[in-house]
Amino acid sequence: MNGTSLRIVLADDERLVRTALRAILDAEPGMEVVGEAATGAEAVSVVRALRPDLVLMDVRMPEINGIRATEQILGSMPEPPRIMVVTTFENDSYVYDALRAGAVGFLLKRTDADQLVQAVRTVARGDSLLFPAAVRALAGQHAPRAARPAQPAWVTRLTGRESDVLRAMAAGMTNIEIAEELGLGPATVKSHVAAVLAKTGARDRTQAVIAAYEAGFVGG
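Analysis parameters
- Residues numbered from 1 in each chain as written.
- Predicted model: local features only at pLDDT ≥ 70, side-chain atom pairs only at ≥ 80, totals over all residues.
- Heavy atoms only, no water.
- Helix = DSSP H or I, 4+ residues; strand = E, 2+ residues; numbered from the N terminus.
- Polar contact = N/O pair within 3.5 Å; in protein donor to acceptor, adjacent residues only side chain to side chain.
- Buried < 20%, exposed > 50% of the residue type's maximum accessible area, 1.4 Å probe, protein only.
- Pairing = 2+ DSSP bridges.
- Right-handed = clockwise from strand over helix to strand, strands pointing away.
- Arc of directions from axis to C-beta.
- Contact = heavy atoms within 4.5 Å.
- 1 Å grid on protein atoms, 1.4 Å probe; cavity = no way out; pocket = protein on both sides within 12 Å on 5 of 7 lines; lining within 4 Å.
- Points joined across faces, edges and corners; volume = space filled by probe spheres on them.
- Nonpolar A, V, L, I, M, F, W, Y, C, P; charged D, E, K, R; others polar.
- Axes fitted to C-alpha atoms, helices over the stretch in contact; angles between N-to-C directions.
- Parallel < 35°, antiparallel > 145°, perpendicular 65-115°, else oblique.
- Left-handed = near helix turned anticlockwise from the far one by under 90°.

## What to know about the side chain of Arg-205
Here's step 1: Position of Arg-205 relative to the elements: it lies in helix α11 (residues 205-214).
Here's step 2: A polar side-chain atom of Arg-205 sits 2.7 Å from a polar atom in the side chain of Asn-175.

What follows is the structure, encoded as structure tokens:
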């Protein structure tokens, strides 16, 4: 984060939604909403200008949608913010596409204030915000159907422990929870996560989980 506060940009075409989110987040210690956008194109411009730490991105907006805005932000900034998409329905195909584009997780608009703040803090500390059942359903409905090897090359490069860590990541566990589950130290888990990202070619843990579902490594 830049400075002492988590700097946040809100992107949603509904003013009432932005106003509600701002009221909740600005009231939290260590959080500051520094900008708003009503369209996808405006979101890209605002984020480039303000360089926030986190963007709450609606997936359905005018001009360009949240998926394209996410791609443009992540593809054009050397140190892009983390992007969490906001949606009305967890089975929205846009959500899956946004995760594939690089969003670190998603949040439902009906989420209450306490859950919103907890979700923002989760993402701010570097964890992904994934709901395993929803991601599994999304992957089953919306994953690309192109033919692929039954076992991608990266699967065979994972060690047994790295495989365990990836499955735990797909189950929505944080590094601390993985450490407790597998009887490992936090530093060891962090090292295994880094190895999983490198071997799957993923930008972050969300991308690794998406790769795991699309490869059939987890899911079903």
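## Looking at the pairing of strand β3 (residues 54-58)
Here's step 1: Most of β3 is tucked away, with five of its five residues classed as buried.
Here's step 2: Judged from the five bridges that link them, β3 and strand β4 (residues 82-87) form a sheet pairing that is parallel. Counted as the bridge partner of Val-55 is Ile-83 from β4.
Here's step 3: At this point the chain moves from β3, through helix α3 (residues 66-76), to the parallel β4, and the crossover so formed is right-handed.

## Re α3
Here's step 1: Buried within α3 are the following residues: Gly-66, Ile-67, Ala-69, Thr-70, Ile-73 and Leu-74. When α3 is viewed along its axis, its buried side chains cluster within an angular range of 165° and face the same direction.
Here's step 2: Looking at the buried residues of α3, the elements they touch are α2 (40-50), β3, β4 and α4 (93-101).
Here's step 3: By the N-cap criterion, in which a side-chain oxygen at the helix start approaches the backbone nitrogen of a residue two or three places on, α3 is capped by Asn-65, the distance to Ile-67 being 3.0 Å.

## Quick notes on empty space enclosed by the protein
Here's step 1: According to the stated counting rule, one finds two cavities of 30 Å³ or more in the structure shown.
Here's step 2: The volume enclosed by the second largest cavity comes to roughly 30 Å³.
Here's step 3: Every residue along the wall of the second largest cavity is listed here: Leu-10, Ala-11, Asp-12, Arg-18, Leu-21, Leu-56, Met-57, Asp-58 and Val-86.
Here's step 4: Counting only elements with at least two residues in the lining of the second largest cavity, the list comes to β1 (6-11), α1 (15-26) and β3.
Here's step 5: Looking at which element gives the most residues to the lining of the second largest cavity, the answer is β3, with three residues.
Here's step 6: Counted by class, the lining of the second largest cavity contains six nonpolar, no polar and three charged residues.

## What to know about the sheet that holds strand β5 (residues 105-108)
Here's step 1: With parallel pairing, the five strands of this open sheet are ordered in space as β2-β1-β3-β4-β5. Edge positions in the sheet fall to β2 (31-37) and β5, since each of these pairs with one other strand and no more. Geometrically, the sheet is characterised by an average inter-axis angle of 25° between neighbouring strands, direction not taken into account.
Here's step 2: Of the pairings in the sheet, the one linking β4 to β5 comprises four bridges and is parallel in character. Each bridged residue has a counterpart across the sheet, and for Val-85 the counterpart in β5 is Phe-106.
Here's step 3: Seen against the sheet, α1 touches β1, β2 and β3 and runs at an angle of roughly 165° to β2.

## A short note on the side chain of Thr-70
Here's step 1: With respect to the secondary-structure elements, Thr-70 resides in helix α3.
Here's step 2: Excluding anything up to four places from it in sequence, Thr-70 contacts Met-57, Ile-83, Ala-101, Gly-102 and Ala-103.

## Things to note about the environment of Ser-5
Here's step 1: For Ser-5, the location among the structural elements is in the segment before β1.
Here's step 2: A C-alpha to C-alpha distance of 7.9 Å links Ser-5 and Pro-29, two positions 24 residues apart in sequence.
Here's step 3: Not counting chain neighbours up to four residues away, the residues in contact with Ser-5 comprise Gly-30, Glu-32 and Asp-53.

## Observations regarding the packing of α2 against α3
Here's step 1: Contact pair α2 / α3: the axes reach a minimum separation of 9 Å and the direction vectors enclose 25°. Overall, the two elements α2 and α3 adopt an arrangement that is roughly parallel. Regarding α2 and α3, the two cross each other, and that crossing is right-handed. Here Gly-40, Ala-43, Val-44, Val-47 and Arg-48 of α2 come into contact with α3, specifically with Ala-69, Gln-72, Ile-73 and Ser-76.
Here's step 2: Of the residues belonging to the contact of α2 with α3, the class tally is five nonpolar, three polar and one charged.

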